[in-house]
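Now for the letters of each chain:
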Amino acid sequence: AIDQRKIIIYHVVHKGCYVNQLQDNGDDVSEEKKESDKQKDEVNKNGFNWIAEKLDGLCELIGDVTDVLNNSLSDDFAIIPIDVNEFEFMENMYLKDLLMKLGYLPPNKYLGTCWWRIPREFKTTDVTDMVRLMKEAMGLEIDADLTALCGASEQQMDMQPALMNDNNNDSNHN
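A short tour of the structure in this document, coming up. (Residues numbered from 1 in each chain as written. Predicted model: local features only at pLDDT ≥ 70, side-chain atom pairs only at ≥ 80, totals over all residues. Heavy atoms only, no water.)

1. A short note on the side chain of Asp 37
Consideration 1: Turning to its location among the elements, Asp 37 is positioned in helix H2 (residues 31-65).
Consideration 2: The class of Asp 37 is buried, set by a relative accessible area of 1%. (Helix = DSSP H or I, 4+ residues; strand = E, 2+ residues; numbered from the N terminus. Buried < 20%, exposed > 50% of the residue type's maximum accessible area, 1.4 Å probe, protein only.)

Okay, structure coming up:
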């Protein structure tokens, strides 16, 4: 499961951190546009950084109140934004895509939940591993070879198009 998560996290986070810059084709793009695209991508990266820190903090709190030997969650844990920018991060399409692909539970009006949640099926070590992989992925360069970094075999690469099939409207990143 860690290899599959690594592929998902590396691809989604890398794409979100560089989506606008990767769309710039060649030298015909103005410096102003390049800077604007870099700033837009930085917003996405800040969202990934925030969720990694938030999940890391939640794992510490969960560890303080749960059986350390069991390492399991007793219930779903809500990921609650506090500041205005945190609410904006939770609306970021790349962050939502990452959470969905990793199996986090989205808000559901029929269940009466308004926040994304860590499912009780996850162990705290699962969440800690995901945080570590997110931080690694945020540190990758724009031209990183994700196939080599993920150690993807042919079978895993067959799965990759589904992972990368985000909305074709990548310019709407917030």
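There's plenty left to go through after this.
2. Comments concerning the packing of aromatic side chains
Consideration 1: One pass over the full model with this rule turns up three aromatic pairs.
Consideration 2: With a centroid separation of 6.0 Å and 35° between ring planes, the pair formed by Trp 50 and Phe 89 is classed as tilted. With a gap of 39 residues between them, Trp 50 in helix H2 and Phe 89 in helix H3 (residues 84-90) connect regions that are remote in the sequence.
Consideration 3: Centroid distance Phe 87 to Trp 115: 5.9 Å. Interplanar angle 55°. Geometry classified as tilted. With Phe 87 in helix H3 and Trp 115 in the loop between helix H4 (93-102) and strand E2 (116-118), this residue pair connects regions lying 28 residues apart in the sequence.
Consideration 4: Look at Phe 87 and you get partly exposed, because its relative accessible area is 36%.
Consideration 5: In this structure Trp 115 comes out as partly exposed when scored by relative accessible area, which is 28%.
Consideration 6: One cation-aromatic arrangement involves Arg 5 over Phe 122; the distance from NZ or CZ to the ring centre is 5.4 Å. (Phe/Tyr/Trp six-rings, centres within 6.5 Å; stacked < 30°, edge-to-face > 60°. Lys NZ or Arg CZ within 6 Å of the ring centre and 35° of its normal.)

3. Description of the pattern of salt bridges
Consideration 1: Going through the model one piece at a time under the given rule, you end up with 10 salt bridges.
Consideration 2: Residue Asp 76 is joined to Arg 117 by a salt bridge in which the shortest nitrogen-to-oxygen separation is 3.5 Å. Of this pair, Asp 76 sits in the loop between H2 and strand E1 (77-79) while Arg 117 is found in strand E2, placing the two residues 41 residues apart along the sequence.
Consideration 3: On the accessibility criterion, Asp 76 (22% relative accessible area) is partly exposed.
Consideration 4: Residue class for Arg 117 comes out buried when judged on its relative accessible area of 9%.
Consideration 5: Lys 96 serves as the salt-bridge partner of Glu 91, at 3.6 Å between the closest nitrogen and oxygen.
Consideration 6: Since its relative accessible area comes to 30%, Lys 96 is described here as partly exposed.
Consideration 7: Ionic contacts of the salt-bridge type, sharing partners, join the residues Asp 75, Asp 76, Arg 117 and Arg 120 into one network. (Salt bridge = Lys/Arg side-chain N within 4 Å of Asp/Glu carboxyl O.)

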